[in-house]
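One letter stands for each residue in the lines below.
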Amino acid sequence: EVQHPRQLPFQPGMTAYDAITLAGGATRLANLRYTQVQRHCGEVIDVPWYGSITNLELQPGDDVVVRMTPEP
């Protein structure tokens, strides 16, 4: 749920927030509390809040997934 989903070139020090911003930011349906980083090694990291997405540095091959707010 970002404006322009795409693959971005890896840059050392890039955070999940940086990747979301470079992809045009979250859509109005997105909920950053449901962000995940899926590592190349298979590890999945739930990144539930703003402070976490600005601090979590990405690794080469990571996927940042921003989901919509789940329906009740």
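Residues numbered from 1 in each chain as written. Predicted model: local features only at pLDDT ≥ 70, side-chain atom pairs only at ≥ 80, totals over all residues. Heavy atoms only, no water.

Asker: Can you help me understand the pattern of salt bridges in this one?
Answerer: Oppositely charged side chains are able to pair whenever their charged atoms sit close together. Per the stated rule, a full pass over the model turns up 1 salt bridge. In this structure, Arg39 and Asp62 form a salt bridge, with 2.3 Å as the shortest nitrogen-oxygen distance. Linking Arg39 in the loop between β1 (30–38) and β2 (44–47) with Asp62 in the loop between α2 (50–55) and β3 (63–68), this pair joins segments that are 23 residues apart in sequence. Accessibility assignment for this pair places Arg39 and Asp62 in one class, buried. (Salt bridge = Lys/Arg side-chain N within 4 Å of Asp/Glu carboxyl O. Helix = DSSP H or I, 4+ residues; strand = E, 2+ residues; numbered from the N terminus. Buried < 20%, exposed > 50% of the residue type's maximum accessible area, 1.4 Å probe, protein only.)

Asker: Explain the pairing of β2 here, please?
Answerer: Two faces, one strand: in a regular strand the side chains alternate between the faces of the sheet. Along β2, the buried face is formed by Ile45 and Val47; none of Val44 and Asp46, which line the opposite face, is buried. One ladder, built from 4 bridges, connects β1 with β2; its direction is antiparallel. The partner of Gln38 across the bridge, within β2, is Val44. (Pairing = 2+ DSSP bridges.)

Asker: What am I meant to see in the nonpolar core here?
Answerer: For soluble globular proteins, the rule of thumb is that nonpolar side chains tend to be buried together. Residues Val37, Val47 and Leu58 are the most contacted members of the largest nonpolar core, which totals 14 residues. Mapped onto this core, the elements with two or more residues apiece are α1 (16–22), β1 and β2. Excluding anything up to four places from it in sequence, Val37 contacts Ala16, Glu43, Val44, Ile45, Val47, Leu56, Leu58, Asp62, Asp63 and Val64. (Core = buried A, V, L, I, M, F, W, Y, C linked by side-chain atoms within 4.5 Å. Contact = heavy atoms within 4.5 Å.)

Asker: Explanation requested: the layout of surface pockets in the structure shown.
Answerer: Which parts of space are left empty comes out when a probe the size of a water molecule is rolled across the atoms. There is about 430 Å³ of room inside the largest pocket. Surrounding the largest pocket, 21 residues form its lining, Arg6, Leu8, Asp62, Asp63 and Val64 being those nearest its centre. Contributing elements (two or more residues each) for the lining of the largest pocket: α1 and β3. Counting residues per element, the lining of the largest pocket draws most heavily on β3, at 4 residues. Its residues assigned to classes, the lining of the largest pocket comprises 14 nonpolar, 3 polar and 4 charged. (1 Å grid on protein atoms, 1.4 Å probe; cavity = no way out; pocket = protein on both sides within 12 Å on 5 of 7 lines; lining within 4 Å. Points joined across faces, edges and corners; volume = space filled by probe spheres on them. Nonpolar A, V, L, I, M, F, W, Y, C, P; charged D, E, K, R; others polar.)

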